[in-house]
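Residue-level structure breakdown
Each chain, written out:
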Amino acid sequence: QAKTLGEGFGQSVVGEAADKAGNTASATVSDINIDKTAPVTTIAAPATWQNQAVPVTLSALDNLSGVAATYYTVDGGAQQFGSSFTLADEGIHTIMYWSVDAAGNAEAAQKATVQIDTTDPTISGAPDRAANGAGWYNADVTVSFTCADALSGVAACGQAKTLGEGAGQSVTGAAADNAGNTASATVSGINIDKTAPTVTYSGNAGTYSVDQQVAISCTASDDLSGVASSTCATVSGPAYMFALGANTFSASAVDNAGNAATGTVSFTVTVTNASLCSLTQQFVGNKGIANSLCTKLENAAKQAAQGKTGPAGNMVKAFINEVAAQSGKALTAEQAAILTRLAQALPY
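The paragraphs below set out a description of the structure included in this document. (Residues numbered from 1 in each chain as written. Predicted model: local features only at pLDDT ≥ 70, side-chain atom pairs only at ≥ 80, totals over all residues. Heavy atoms only, no water.)

Let's shift gears to the overall build of the protein. Summing up its helical and strand segments, the protein has four helices and 22 strands in all. A globule of 348 residues ought to have a C-alpha radius of gyration of about 20 Å, yet the protein, at 55 Å, is considerably larger. Overall, the C-alpha framework of the protein stretches about 190 × 35 × 20 Å when taken along its three principal axes. Looking at the protein residue by residue over its 348 residues, the buried ones come to 36%. Across the protein, contacts joining residues at least 24 apart in sequence account for 56% of those joining residues at least 6 apart. Total accessible area computed for the protein in this model is approximately 18400 Å², and 49% of it derives from carbon and sulfur atoms. (Helix = DSSP H or I, 4+ residues; strand = E, 2+ residues; numbered from the N terminus. Rg over C-alpha atoms; globule rule 2.2 N^0.38 Å. Buried < 20%, exposed > 50% of the residue type's maximum accessible area, 1.4 Å probe, protein only. Contact = heavy atoms within 4.5 Å. Areas by Shrake-Rupley, 256 points an atom, 1.4 Å probe, with all protein chains shown as cover.)

So, about the packing of helix α1 (residues 273-283) against helix α4 (residues 333-344). Following both chains from N to C, one finds α1 and α4 inclined at 175°, their axes separated by 11 Å at the closest point. As judged from the angle between their axes, α1 and α4 are roughly antiparallel. Of the residues in α4, those touching α1 at Leu276, Leu279, Thr280 and Phe283 are Gln335, Ile338, Leu339, Leu342 and Ala343. Residue composition of the contact of α1 with α4, by class: seven nonpolar, two polar and no charged. (Axes fitted to C-alpha atoms, helices over the stretch in contact; angles between N-to-C directions. Parallel < 35°, antiparallel > 145°, perpendicular 65-115°, else oblique. Nonpolar A, V, L, I, M, F, W, Y, C, P; charged D, E, K, R; others polar.)

Attention now goes to the pattern of salt bridges. Within the structure shown, the criterion is met by three salt bridges. The shortest N-O distance in the salt bridge between Glu322 and Lys296 comes to 2.6 Å. With Glu322 in helix α3 (residues 309-326) and Lys296 in helix α2 (residues 287-305), this pair connects stretches of sequence that are 26 residues apart. Judged by its relative accessible area of 15%, Glu322 falls in the buried class. (Salt bridge = Lys/Arg side-chain N within 4 Å of Asp/Glu carboxyl O.)

Another point: the packing of aromatic side chains. On inspection of all chains with the given rule, the structure shows eight aromatic pairs. A ring pair is formed by Tyr208 and Phe267, whose centres lie 5.5 Å apart and whose planes are at 85°; its orientation type is edge-to-face. Placement of Tyr208 in strand β17 (residues 207-209) and of Phe267 in strand β22 (residues 260-270) is noted, with a sequence separation of 59 residues between them. For the pair Tyr208 and Phe267, a shared accessibility class is recorded, and that class is buried. Put simply, the rings of Tyr208, Phe242, Phe249 and Phe267 pair up and form one aromatic cluster. (Phe/Tyr/Trp six-rings, centres within 6.5 Å; stacked < 30°, edge-to-face > 60°.)

This part is about the state of the cysteines. Each disulfide consists of a covalent bond between the sulfur atoms of two cysteine residues. Scanning all chains against the criterion turns up three disulfides. Counting only the cysteines that take part in disulfides, in the order they occur along the protein, gives the pairing 1-2, 3-4, 5-6. (Disulfide = S-S within 2.5 Å.)

In the contact formed by α1 and α2, the axes pass within 9 Å of each other and the chain directions differ by 175°. Relative to α2, the element α1 lies roughly antiparallel. Contact with α1, carried on its side by Asn273, Leu276, Cys277, Thr280 and Gln281, involves Ala290, Asn291, Leu293, Cys294, Leu297, Ala300 and Ala301 of α2 and no other residues of that element. Grouping the constituent residues of the contact of α1 with α2 by class yields eight nonpolar, four polar and no charged.

Further remarks concern the sheet that holds strand β21 (residues 245-255). The mixed open sheet is built from four strands, whose spatial order is β17-β22-β21-β19. Every other strand in the sheet has two partners, leaving β17 and β19 (227-230) as the edge strands with one partner each. The average angle at which neighbouring strand axes cross in this sheet is 30°, direction not considered. (Pairing = 2+ DSSP bridges.)

Let us now look at the sheet that holds strand β11 (residues 141-148). Here three strands make up an open sheet; going across it, the order is β10-β11-β13 and the pairing antiparallel. Of all the strands in the sheet, the pair left with one neighbour each is β10 (122-127) and β13 (161-163). Strand-to-strand, the axes of this sheet are offset by a mean angle of 25°, without reference to chain direction. Pairing analysis gives three bridges linking β11 to β13, with the strands arranged antiparallel. Its bridge partner lying in β13, Val141 is registered against Leu163.

Examined against the element boundaries, Thr70 turns out to sit in strand β5 (residues 67-74). Assessed through its relative accessible area of 8%, Thr70 is described here as buried. For Thr70, the side chain forms a polar contact with the side chain of Ser99, separated by 2.8 Å. (Polar contact = N/O pair within 3.5 Å; in protein donor to acceptor, adjacent residues only side chain to side chain.)

Laid out in structure tokens, this is it:
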């Protein structure tokens, strides 16, 4: 009888025959190989993004008839024969692969993806605002970075950093994509000055008599960005040129970062009989006239010391009259006016 064989290797079938006379015979059919199962192919390729050429290996297994051939296609291209190849081009590659065994069984095509990105990401950084025209900031500056990657995508991007006071500062940020490519960018030359300049007056005696000289200097300074502008001016001249009593002067300064400051100086100008006499002697070259004028001031002081304000006032008036008489002679008109104004300021 006929016999149907299933899957197997080296199978055989024996058949027997007998005639009516009782004679018998037999026959054997051997070496029957049946393979109904397709081979199985596995792929060795990384599943993650790569930043270099990727070798691909295909391994096929068939337990009966054995693998006859392995085939593959890349990105829908032509069918190719082989079990190993290398992909170098950037992009997301689709691999279809299958094998055929010696019995003609063909494996259903399998699919794998290989991702290659060999281009570094891009990174750019910028301060949160522009510096002023002199290249300075007067408050903290935050530098932020922007990253991009067209293929595998950005995995990491440099964090924003805030800078405080200082000159020539820089910030570096790094970027990485999902394939392991890296890039960096540096923002440099960041100058920050948050401290106002100083305006300082020096040489102030505090109190000046009318026969003295005032010489007060003004200095504007800035240790970081430097002084951009200042109204500093020296306060100087004969004390009698300033108002009697309190005098106040101010100056301002602005540094290159835009910080502003103001400084003030105050002093007092006084007049006494003695200081007015001293000034008179400075004005009058004729010693006789100068002594005459000073004698009146000295006598006024003596009368006042005794509580005799009336006679003291009369002596001052006599001084003023003599000054008027010497105007245009021993005294210039301007000098006479100065002495008169100061004498009138005496307290009697």
